[in-house]
Amino acid sequence: MSTLAHNEAPALSVDHHLALKALLSMAAIYPLDAEGRIAVRGEDRVRWLNGMLTNNIRDLKAGEGCYNFLLSAQGRIQHDATAFLLEDQILLETARERIPALMAALDHFIIMDDVELEDVSEKHQGLGIAGPKAAEALAAIGLDVAGIAPVSTRAFEWRGSIVWVVARYSPLTPRFELWAANVAQLTEALNTLPQADDNAIESLRILEGVPAIGRDLREKELPQETGQARALHFTKGCYLGQEIVERIRSRGNVHRTFAGFRFSGSVPAAGTAILADGASVGELTSVDSDLNIALGFIRREAVERGQALTYEGGALTSSPLPFRIK
């Protein structure tokens, strides 16, 4: 394992090199088995969901989407989901393992509303494709994704079936999802591309500095601590936990912030304390042992004072997000 200087880009290991190179400079495909989807239906779905989530559902146009948090009444993050407005429903996409808990949390607030929730994760299969040449590869098989804005979706008739293409939020490289009743044909059509494994996709997430629900985002985090301003809308009106979000906005700061770190020394585990002058000032939440990088939360004063950061087993250097690699 290499030791990184302050501005040195992390070197790729042999195991990660080919997959990450494809994701960042060419294109690669990968399964979407970990993604789950909830269909929100009923006459009141837009009004009701707009009052539940942190972003502006009300003003979405057909095919548009937005990233959201579901908060507790105390303003703490409970779940996250990307919402896509379709003609007859709203699709919520989040980690598949979080679907039952998210559905239960949402269902608790359906009182007199004409709203129905359905887990539709099993109804469609997903294939991901990412990389600067992803759009070119899709165009070559008859899926012209040019002009699809990030965080939006479009339906294509492709070889006798419907394929929904989602353009994902992705700071470092273009990324698309393909959803269909059966993705075998899509996989076969794109079989000249390398396939990225879960480790490569996780490395890309950490490089991009995108927090994962249940790992980086726990039930104690406040929205403004996460650096995910894309999940918040400040003029849409009331929603669950909105009073706390507005109070933080009006005061102008939070005590902790989500950040990236390079480490040198032994590989820290998730949950390892970040130290400054021997005192804990934060914790690491996601770690990539091959790239020597990590994500975590740190107290703002430690960053502002430029304090030397360590952990039990090595040294840390804060790094802007997203990370950059050669």
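See the structure printed just above.
Because the structure is predicted, anything quoted here is derived from the model rather than measured.

Pairing within the open sheet is antiparallel, and its five strands lie in the order β3-β4-β5-β2-β6. The open sheet has two free edges, formed respectively by β3 (65-71) and β6 (116-119), since each of these has just one partner strand. The mean inter-strand angle of the sheet, taken between neighbouring strand axes irrespective of direction, is 30°. Pairing between strand β2 (residues 35-41) and strand β5 (residues 90-95): six bridges, direction antiparallel. When the bridges of β5 are listed, Ile 38 appears paired with Leu 92.

This brings us to the packing of aromatic side chains. Applying the stated criterion to the full structure yields three aromatic pairs. Between Tyr 67 and Phe 69 the ring centres are 5.5 Å apart and the planes differ by 70°, which places this aromatic pair in the edge-to-face class. Across the pair, exposure class does not vary: Tyr 67 and Phe 69 are buried alike. Centre to centre, the rings of Phe 258 and Phe 297 are 5.2 Å apart; their planes meet at 55°, and the pair counts as tilted. Linking Phe 258 in strand β11 (residues 256-265) with Phe 297 in strand β14 (residues 293-299), this pair joins segments that are 39 residues apart in sequence. Since its relative accessible area comes to 8%, Phe 258 is described here as buried. Classification of Phe 297 by relative accessible area gives buried; the value is 1%. The lysine or arginine in question, Arg 230, covers the ring of Tyr 67, its NZ or CZ lying 4.1 Å from the ring centre. Residue placement shows Arg 249 over the ring face of Phe 234; its charged tip is 5.7 Å from the ring centre.

Procedures and definitions
- Residues numbered from 1 in each chain as written.
- Predicted model: local features only at pLDDT ≥ 70, side-chain atom pairs only at ≥ 80, totals over all residues.
- Heavy atoms only, no water.
- Pairing = 2+ DSSP bridges.
- Helix = DSSP H or I, 4+ residues; strand = E, 2+ residues; numbered from the N terminus.
- Axes fitted to C-alpha atoms, helices over the stretch in contact; angles between N-to-C directions.
- Phe/Tyr/Trp six-rings, centres within 6.5 Å; stacked < 30°, edge-to-face > 60°.
- Buried < 20%, exposed > 50% of the residue type's maximum accessible area, 1.4 Å probe, protein only.
- Lys NZ or Arg CZ within 6 Å of the ring centre and 35° of its normal.

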